[in-house]
Amino acid sequence: MLSGAALTRFRKNLLAWFSQFQRDLPWRRTRDPYHIWLSEIMLQQTRVRAVIPYYERFLARFPTVDALASAPEEEVLRLWSGLGYYSRARNLQRAAQQIVARHDGLFPRDLEEALALPGIGAYTAAAILSIAYQEEHAVLDGNVARVLARLSAVRGALRANGAWQGLQKTATHLLANKSPGDWNQAMMELGATLCSPRSPQCLLCPVGEFCEARKRGFADLIPEKRAKRDTVEVTLAALVLLDTQNRALLLPPPNGAKSSAADDVPTLVSRTWHFPTVSVHFDAAAVELKKFTEKSLFAGRKFSAKLQPLSKVRHAVTYRAVTVLPFQVRVEKLPNVCGAKALDLDNLSSLHVSNLTRKVAQAATKDPLTKKQRAASA
Ligand code: SF4
């Protein structure tokens, strides 16, 4: 492990590089703990470029922790809609409510208190406290772990027993105590830019002279690739049930009013507002969707309308490759389903819907027959 003059030079080089080359990101122009916290939560599993517009819209609508704490959950989820991993938004609001109730609306600067909040783990707490309050906590996430492992030429799985703790010790040892916030961001920035997983740009690296993996010529072999989980194919059928005013039936997520259809709906869609959807066998999709519709939406009554197939929708969620077979049906009157809403297909953004539901809506609105019918009844 580096020490003495080498450690001083290592820190100086990295901080100077960060100061000169860091990306200009909205959450780097502030030390407001609420803003930093929001950015850290949004950035989990999500790319920087995708986060920026969400971050800006969210703060415009909820400028303070109090505003977030007192907002209707549906509104918070609507602003999060499309960013995915919705438990992040729910935890964010629950944490905001606790911060208002217990910490006068200010994100706590004590580590234990921060860790007690919903959705805050060791990495997130260290990032927020160091950046917002200059508390001396070293962050360790996948990017930082990769940099540290390469610097020390640590082979093997980084998240294996013992390895992660060793990397955390290294991160804490290297932390520049005078500027922990900048230091943590510099480590993260190095991992996100030059020290990338596949092709590290060692020639440009500000700390290349200290890097063991680079010296030994195997930087790109760290970390070892994890065995990829096999892709699971999932087939769903979704029903776009339209009335004569072109309003589609949407069912609520479980936290809203519980619909009679909720029990059979795959969790891939049921956590947000969704079209009636069921898991099916590819070749029997229409028959199985019809059965589901009769049981769930029409209380067992026969549903004889012809299902018009729409273009197939593909969607990937972690290891699942989802194929949705959407069907459209026009009815005089939408069935009365508890908690459901009737909504114009162009107006889905007024509800919290997933990208998968958006894609189904697009398949319906782009369908030539639907276009004609909508134009005729407009
Ligand atoms: Fe990463 Fe290369 Fe820098 Fe080492 S020298 S830290 S492998 S970019």
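Here the structure is shown first, and the text comes after it.
Residues numbered from 1 in each chain as written. Predicted model: local features only at pLDDT ≥ 70, side-chain atom pairs only at ≥ 80, totals over all residues. Heavy atoms only, no water.

Some details on the packing of aromatic side chains
1) Next: This model, assessed by the stated rule, comprises 8 aromatic pairs.
2) Next: Taking 5.4 Å as the distance between ring centres and 85° as the angle between the ring planes, the aromatic pair formed by F10 and F210 counts as edge-to-face. Of this pair, F10 sits in helix α1 (residues 4–21) while F210 sits in the loop between α11 (180–192) and α12 (212–216), and the two are 200 residues apart along the sequence.
3) Next: With a relative accessible area of 0%, F10 lands in the buried category.
4) Next: Of the residues examined, F210 reaches a relative accessible area of 10% and is grouped as buried.
5) Next: Pairing F298 with F303 gives two aromatic rings, centres 4.8 Å apart and planes at 20°, and the pair type is stacked.
6) Next: Of the residues examined, F303 reaches a relative accessible area of 6% and is grouped as buried.
7) Next: Through a chain of ring-to-ring contacts, three or more aromatic side chains come together here, namely F10, W183 and F210.
8) Next: One cation-aromatic arrangement involves R57 over Y54; the distance from NZ or CZ to the ring centre is 4.9 Å.
9) Next: One cation-aromatic arrangement involves R155 over F218; the distance from NZ or CZ to the ring centre is 4.4 Å. (Phe/Tyr/Trp six-rings, centres within 6.5 Å; stacked < 30°, edge-to-face > 60°. Helix = DSSP H or I, 4+ residues; strand = E, 2+ residues; numbered from the N terminus. Buried < 20%, exposed > 50% of the residue type's maximum accessible area, 1.4 Å probe, protein only. Lys NZ or Arg CZ within 6 Å of the ring centre and 35° of its normal.)

Overview of the environment of A16
1) Next: Checked against the element boundaries, A16 lands in helix α1.
2) Next: Along the backbone, A16 and P206 are 190 residues apart, and their C-alpha atoms lie at a distance of 8.6 Å.

Considering the nonpolar core
1) Next: If you look at the biggest cluster of nonpolar residues, it comprises 77 residues, and the most contacted ones within it are W37, M42, F58, W80, F107 and L148.
2) Next: Ranked by the residues each element gives to this core, the list is headed by helix α8 (residues 122–133), at 9 residues.
3) Next: Listed in part, the 24 residues of the second largest apolar core include L250, V324, L351 and A363. (Core = buried A, V, L, I, M, F, W, Y, C linked by side-chain atoms within 4.5 Å.)

Thoughts on the environment of N347
1) Next: Topologically, N347 is positioned in the loop between β7 (341–344) and α15 (355–366).
2) Next: When its relative accessible area of 37% is taken as the criterion, N347 is described as partly exposed.
3) Next: Once the C-alpha coordinates of N347 and V147 are considered, the two residues, 200 residues apart in sequence, prove to be 45 Å apart.

Overview of the site of the ligand
1) Next: Residues in contact with the ligand, as listed here, are R150, C195, C202, C205, G208, C211, R214 and A219.
2) Next: Across the shell around the ligand, the residue classes break down as 5 nonpolar, 1 polar and 2 charged. (Near = heavy atom within 4 Å. Nonpolar A, V, L, I, M, F, W, Y, C, P; charged D, E, K, R; others polar.)

Points about unusual backbone geometry
1) Next: Following I222, the chain continues into P223 via a peptide bond in cis, with omega recorded as -5°.
2) Next: Within the secondary structure layout, P223 lies in the loop between α12 and β1 (232–242).
3) Next: Phi is positive for Q134, which is not a glycine, with a value near 60°.
4) Next: Within the secondary structure, Q134 sits in the loop between α8 and α9 (142–151).
5) Next: The class of Q134 is partly exposed, set by a relative accessible area of 33%.
6) Next: Unlike most non-glycine residues, A299 shows phi in positive territory, near 50°.
7) Next: Structurally, the position occupied by A299 is in the loop between α14 (285–296) and β4 (308–309).
8) Next: In this structure A299 comes out as exposed when scored by relative accessible area, which is 68%.

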